[in-house]
Amino acid sequence: MSGNPWIYIFVAAFVSYLVRVLPLTLIRKPIHNRFVKSFLYYVPYVTLSVMTFPAIVQATQSPITGVIALVVGIVSAFFGLGLFPVACICCAVVFGLELFLV
């Protein structure tokens, strides 16, 4: 990284500020478009998923155990278990698989 680090800091701060201020200045009226509303509704969930799923797969010794734990977690959450039991089940699955298979 060559150059003045203050330039990089200023550009990063400016871009971060711009991303937060532009929607406030450009959108002044309520949004009535259903497509835009649904897009904005799902943005936090998609962002969280994009950050979480790769971390789940890469946090284990073998990506296969991470994928199996992910599938087991999705199935157990589908059947109505809460966050803590699903997390415990996924940890037990990864522990068991890596203890006996890897």
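Throughout what follows, the structure given in this document is the object of discussion. All values derive from a computational prediction rather than experimental measurement.

### Some remarks on the side chain of Glu-98
Now for step 1: Position of Glu-98 relative to the elements: it lies in helix H4 (residues 83-100).
Now for step 2: Buried charge without a partner: Glu-98 forms no salt bridge, and the closest opposite charge is Arg-20, 33 Å away.
Now for step 3: Apart from residues lying up to four places away in sequence, Glu-98 is in contact with Thr-60, Gln-61, Ser-62 and Thr-65.

### Re helix H2 (residues 34-58)
Now for step 1: With 25 residues, H2 should cover 36 Å at 1.5 Å per step; its first-to-last C-alpha distance of 36 Å lies within 8% of that length.
Now for step 2: Along H2, the largest kink reaches about 40° and is centred on Val-43; proline Pro-44 follows within four residues of it.
Now for step 3: Sitting at the head of H2, Asn-33 places a side-chain oxygen 3.0 Å from the backbone nitrogen of Phe-35.

### Some details on the packing of H2 against helix H3 (residues 63-78)
Now for step 1: Packing of H2 against H3 leaves a shortest axis separation of 6 Å and a crossing angle of 125°. Regarding the angle of H2 to H3, the classification is oblique. In contact with Phe-53, Ile-56 and Val-57 of H2, H3 contributes Pro-63, Gly-66, Val-67 and Leu-70.
Now for step 2: By residue class, the composition of the contact of H2 with H3 is six nonpolar, one polar and no charged.

### Description of the environment of Asn-4
Now for step 1: Along the chain, the position of Asn-4 falls in the segment before helix H1 (5-26).
Now for step 2: Of the polar contacts made by the side chain of Asn-4, one reaches the backbone nitrogen of Trp-6; its length is 3.2 Å.

### Some thoughts on a nonpolar patch on the surface
Now for step 1: Taken together, Ile-7, Phe-10, Val-11, Phe-14, Val-15, Leu-18, Val-19, Leu-22, Leu-26 and Ile-27 make up a surface patch of nonpolar side chains, about 960 Å² in accessible area.
Now for step 2: Of note, Val-11 is situated in helix H1.
Now for step 3: Given the relative accessible area of 43%, Val-11 is considered partly exposed.

Conventions used here
- Residues numbered from 1 in each chain as written.
- Predicted model: local features only at pLDDT ≥ 70, side-chain atom pairs only at ≥ 80, totals over all residues.
- Heavy atoms only, no water.
- Helix = DSSP H or I, 4+ residues; strand = E, 2+ residues; numbered from the N terminus.
- Buried < 20%, exposed > 50% of the residue type's maximum accessible area, 1.4 Å probe, protein only.
- Lys, Arg positive; Asp, Glu negative; His and termini not counted.
- Salt bridge = Lys/Arg side-chain N within 4 Å of Asp/Glu carboxyl O.
- Contact = heavy atoms within 4.5 Å.
- Expected span 1.5 Å × (residues − 1).
- Bend = angle between axes of the 7 residues up to and from the residue.
- Polar contact = N/O pair within 3.5 Å; in protein donor to acceptor, adjacent residues only side chain to side chain.
- Axes fitted to C-alpha atoms, helices over the stretch in contact; angles between N-to-C directions.
- Parallel < 35°, antiparallel > 145°, perpendicular 65-115°, else oblique.
- Nonpolar A, V, L, I, M, F, W, Y, C, P; charged D, E, K, R; others polar.
- Patch = residues over 30% accessible without salt bridge, like charges linked within 9 Å, V, L, I, M, F, W, Y side chains within 5 Å.
- Areas by Shrake-Rupley, 256 points an atom, 1.4 Å probe, with all protein chains shown as cover.

Note that every value here comes from positions in space, so none of it alone points to a role or purpose.
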